[in-house]
There are 2 protein chains.
Amino acid sequence: MSADPEWRTVRRVRTHEQVLIQIQERILNGQLRIGDRLPSERELVQVLGVSRNSVREALRVLEAMGIIDAHTGSGRDAGSTVAGRSTDALSNLLRLHMALAQFRLGDLVDVRIELERLAVRQASAEADPAELTQLRSLTEAMTRPGLDHERFHELDSEFHIRLARASHNALAADLMQALRDAVKNEMLAAFARVHDWDAAVASLTAEHLAILTAVEAGQGDEAETLVARHIRAFYDSVGGESPSSD
Amino acid sequence: MSADPEWRTVRRVRTHEQVLIQIQERILNGQLRIGDRLPSERELVQVLGVSRNSVREALRVLEAMGIIDAHTGSGRDAGSTVAGRSTDALSNLLRLHMALAQFRLGDLVDVRIELERLAVRQASAEADPAELTQLRSLTEAMTRPGLDHERFHELDSEFHIRLARASHNALAADLMQALRDAVKNEMLAAFARVHDWDAAVASLTAEHLAILTAVEAGQGDEAETLVARHIRAFYDSVGGESPSSD
DNA sequence: TGCAATTTGTACGTATGTATT
DNA sequence: TAATACATACGTACAAATTGC
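Residues numbered from 1 in each chain as written. Chains lettered and ligands numbered in written order. Predicted model: local features only at pLDDT ≥ 70, side-chain atom pairs only at ≥ 80, totals over all residues. Heavy atoms only, no water.

The subject of this paragraph is the pattern of salt bridges. Between side chains of opposite charge, pairing is possible as soon as their charged atoms come close. Residue and element names in this part refer to chain A. Applying the stated rule across the entire model yields 37 salt bridges over all chains. Its salt-bridge partner being R14, residue E17 comes within 3.4 Å of it at the nearest N-O pair. Given a relative accessible area of 17%, E17 falls into the buried group. The partly exposed category is assigned to R14, whose relative accessible area is 22%. (Salt bridge = Lys/Arg side-chain N within 4 Å of Asp/Glu carboxyl O. Buried < 20%, exposed > 50% of the residue type's maximum accessible area, 1.4 Å probe, protein only.)

Okay, here's the thing in C-alpha cells:
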C-alpha cells in the first residue's frame, strides 16, 4: 500500500489558509487579544507577501467565526479588530449541521437536558438576586394570555438561556443558546402539533415557576429533577420518536 | 436616544454575505443535502450576478465551517460538494474562543463532566460489542510502560471520545472531541505539573478500566459516578482553582 | 468641501490540478 | 502520450462606498 512512513503525502496548503493559520497562532499565543486591531488588509498584503484576495478570504472566515469585526472608514473602529462574540457563530454552525441531519433531534434534546441540569444546579448555588428577579418577571410575562407560538418560544428560550447565564458558566450558556437557536423551527413545528395550546402554556409556565422557586431556595437537586422532567415531558408529548426507550 | 422604533438602522449586507445566506437557505430548506454538488464558481457568478471574489469568499466561509469541500479538476469530486464533517470546525471555533478567555477552564470541565455522564449512561445501554472490544484494547494500550505525556494524552482522549461515540449520540461525541481538542495544551501543561507521573498513569488507567467494566455490565449509574469522580479528581489535583467550592 | 485611510466590489489574466478523449 | 475541457487557486488593477478630519 502507500503507507510508507518515509514519505508524507504533500498537503497543499492554500495561501489563504496560511494567512488564517498565522492569525490564529497569534490568537492562541495571546499576542492578539480582544479589542486589538489587526494590521489593515493592505499592510497584511505587504507583510505576508500574498495577494489581497487571500488576506480577505482569511479575514472573512475569521469574521464568520465571530473572532473579528471589520469596519470600513478611518479612525477608531476602522479595520479589523479582535471581537469575541461566539454565540451567533456557534448557533449558525450547529443549525447548519442539524439541517444536514448530522445530529438527530433526540441527541440534541439529551445534550440539552444535561446542560439544563448543570445550569440549574449551579444557578441554585450562585445566582445573584438581580438575576433571579429578572427570571421571575420573565415567568410573569409568560402568564399573559393570548401569546402566539412565536412570542411564547421567545420568552421560553429567554427563560432557559437566562437561567444558564445565572449559573455563571459562560460555555454552558452559549451552548444552550446555540442549541435553542438551532432547533427553533423544530420547536415551532412542535408547538403547532399541540392540541390544547392554552393548557400547554399553562403547564409549561407552571413548571418554569416551580423550577425557579427551587433555584431561589437553593435546592439544586430538586431544580435538576424538575427541569429534566420539564423538557422530557414536552419532548415526549409532541416531539416524535423517543430517543432511548425503544 | 437613538432607540426610535420608527427608524431601523440600515444594516448593510455585503454581497458575499448575501451569497452565503442564499446557500445556507438551501441547506436549511433541504434543497442541498450531503453529497450534492454546488454549481461551479463561475456558474454561481452568472446566476447570482456577483463577482467571482464574492462567491469565493462565501465558499471559503462554508468550507471553514466544514459544510462544503472544494476540489480542483473535473469530474466526480471537482467543484464544491456539500460535506458535513463538523468536528474540526467546532474544535477550532471553541479553541479560539478559549484562547480569547471567553470561557474559563473550570466552566469547560463542568460541561465536560455532564457530557461524560450522558455518554457513559447511554453507552451502558446501547454500546455494540465491537465498540466495547475497541475500548478494552485502548485501555490495554495505556498500560504499556514508558508512555510520554503526548502519547498518553492521545490515548486518553481517544478513550473518552470513543466512549462518547459508543453512546450513539453524535452531538455529544462531537462536542466531547471539540472540548478535548480545545484544551489539549492545558492538559499537557497539567501533565507536566504531575509529581509522580507513573503513579498518575496507573491510577488514571485503573479508573478507565473501572468505568469500562461498569459500562460493559450495563451499570449506567455506577459508570456515571466513576467517570465524574475520575475527571473531577484529576482536575482538582493539578488543575488549579476549584470552580465551585470556594 | 475636500482629502486621506480603509474596507468593499468588480474585472480580467494566468497558473495549476484533474479527468476525459 | 498528447490534447482538451473544466474547475479551482492566485494575483493585479481599478472603481465605489464609508468614515474621520
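Between chain A and chain B, which share one sequence, the superposing operator has a rotation angle of 180 degrees and an axial displacement of 0.0 Å; the RMSD is 0.2 Å. Both chain copies can therefore be described as sitting about a two-fold axis. Here 100% of the contact residues of chain A are again contact residues in chain B; the copies associate through an equivalent surface. (Least-squares fit on C-alpha atoms with pLDDT ≥ 70 in both. Contact = heavy atoms within 4.5 Å.)

Moving on, we come to the interface of chain A and chain B. Between chain A and chain B, the residue contacts involve 54 residues of the former and 54 residues of the latter. The interface formed by chain A and chain B holds eight salt bridges in total. A salt bridge links R121 of chain B to E114 of chain A; the nearest nitrogen and oxygen atoms lie 2.9 Å apart. The interface formed by chain A and chain B contains 18 residue pairs in polar contact (both at pLDDT 80 or more). (Polar contact = N/O pair within 3.5 Å; in protein donor to acceptor, adjacent residues only side chain to side chain.)

Now for the protein's contact with DNA strand C. Close to DNA strand C lie 20 residues; R42, R52 and R60 of chain A together with T15 and G73 of chain B are nearest. Expressed as a percentage, the sugar and phosphate content of the atoms of DNA strand C within 4 Å of the protein is 61%. Within the side chain of R56 of chain A, one N or O atom sits 3.1 Å away from a base nitrogen of DNA strand C. G73 of chain A places a main-chain nitrogen or oxygen 3.2 Å from a sugar or linking oxygen of DNA strand C. (Near = heavy atom within 4 Å.)

Around DNA strand D, the surrounding shell holds 22 residues, and the nearest of these are R14, T15 and S74 of chain A together with R42 and R60 of chain B. One of the side-chain nitrogen or oxygen atoms of R52 of chain A is found 3.5 Å away from a base nitrogen of DNA strand D. Taken together, the residues that form the surface near DNA strand D break down as no nonpolar, 13 polar and nine charged. (Nonpolar A, V, L, I, M, F, W, Y, C, P; charged D, E, K, R; others polar.)

Quick look at the nonpolar core now. V111 of chain A together with V111 of chain B are the most contacted members of the largest nonpolar core, which totals 118 residues. The residues touching V111 of chain B, leaving out its near neighbours within four places in the chain, are L115, L118, N169, L171, A172 and L175 of chain A together with L179 of chain B. Residues V55 and I67 of chain A together with V19 and A58 of chain B belong to the second largest nonpolar core, which totals 39 residues. (Core = buried A, V, L, I, M, F, W, Y, C linked by side-chain atoms within 4.5 Å.)

What follows covers the domain arrangement of chain A. Domain boundaries assigned for chain A yield domain 1 (15–82) and domain 2 (87–237). The C-alpha centroid of domain 2 of chain A is placed 36 Å from the C-alpha centroid of domain 1 of chain A. (Domains from an automatic or database assignment.)

Listed under "domain: HTH gntR-type" (unreviewed entry) in the UniProt record, and renumbered for this structure, are residues 13–85 of chain A. Across residues 13–85 of chain A, helical content stands at 49% and strand content at 11%; the span's end C-alpha atoms are separated by 28 Å. (UniProt positions renumbered as here; feature names shortened; annotations may be inferred. Helix = DSSP H or I, 4+ residues; strand = E, 2+ residues; numbered from the N terminus.)

Another point: the confidence of the model for chain A. Across chain A, the average pLDDT comes to 87, with 92% of residues at or above 70. Within chain A, helix α5 (residues 105–126) of chain A carries the highest mean pLDDT (95), whereas helix α4 (residues 87–99) of chain A carries the lowest (84). (pLDDT = per-residue confidence, 0-100.)

Our focus in this paragraph is the packing of aromatic side chains. Tallied over the entire structure, the rule returns eight aromatic pairs over all chains. Geometrically, the ring pair formed by F152 of chain A and W197 of chain A is edge-to-face, given 5.5 Å between the ring centres and 80 degrees between the ring planes. One end of the pair, F152 of chain A, is in helix α7 (residues 149–166); the other, W197 of chain A, is in helix α10 (residues 197–216), with 45 residues separating them in the sequence. Judged by its relative accessible area of 0%, F152 of chain A falls in the buried class. A residue is classified by how much of its surface remains accessible, and W197 of chain A, at 15% relative accessible area, is buried. Relative to F191 of chain B, the ring of F152 of chain B lies with its centre 5.8 Å away and its plane at 65 degrees, an arrangement referred to as edge-to-face. Placement of F152 of chain B in helix α7 (residues 149–166) and of F191 of chain B in helix α9 (residues 184–192) is noted, with a sequence separation of 39 residues between them. Residue classification places F191 of chain B among the buried residues on the basis of a relative accessible area of 1%. Three or more aromatic residues joined by ring pairs form one cluster here, namely F152, F191, W197 and F234 of chain A. (Phe/Tyr/Trp six-rings, centres within 6.5 Å; stacked < 30°, edge-to-face > 60°.)

Moving on, we get to unusual backbone geometry. All names here are of chain A. Phi angles above zero are rare outside glycine, and H168 is one such case at about 65 degrees. By the secondary structure assignment, H168 is in the loop between α7 and α8 (170–182). Judged by relative accessible area, which is 26%, H168 ranks as partly exposed.

Turning next to helix α3 (residues 52–64) of chain A. For α3 of chain A, with 13 residues, the first-to-last C-alpha span of 18 Å sits near the 18 Å given by 1.5 Å per residue. Burial runs high along α3 of chain A: ten of the 13 residues are buried. Burial in α3 of chain A covers these residues: S54, V55, R56, E57, A58, L59, R60, V61, L62 and E63 of chain A. The inward-facing, buried residues of α3 of chain A contact α1 (15–29), α2 (41–48), β1 (68–71) and β2 (79–82) of chain A together with α1 (15–29) and α3 (52–64) of chain B. Just beyond α3 of chain A, the residue with positive phi is G66 of chain A, at close to 80 degrees. (Expected span 1.5 Å × (residues − 1).)

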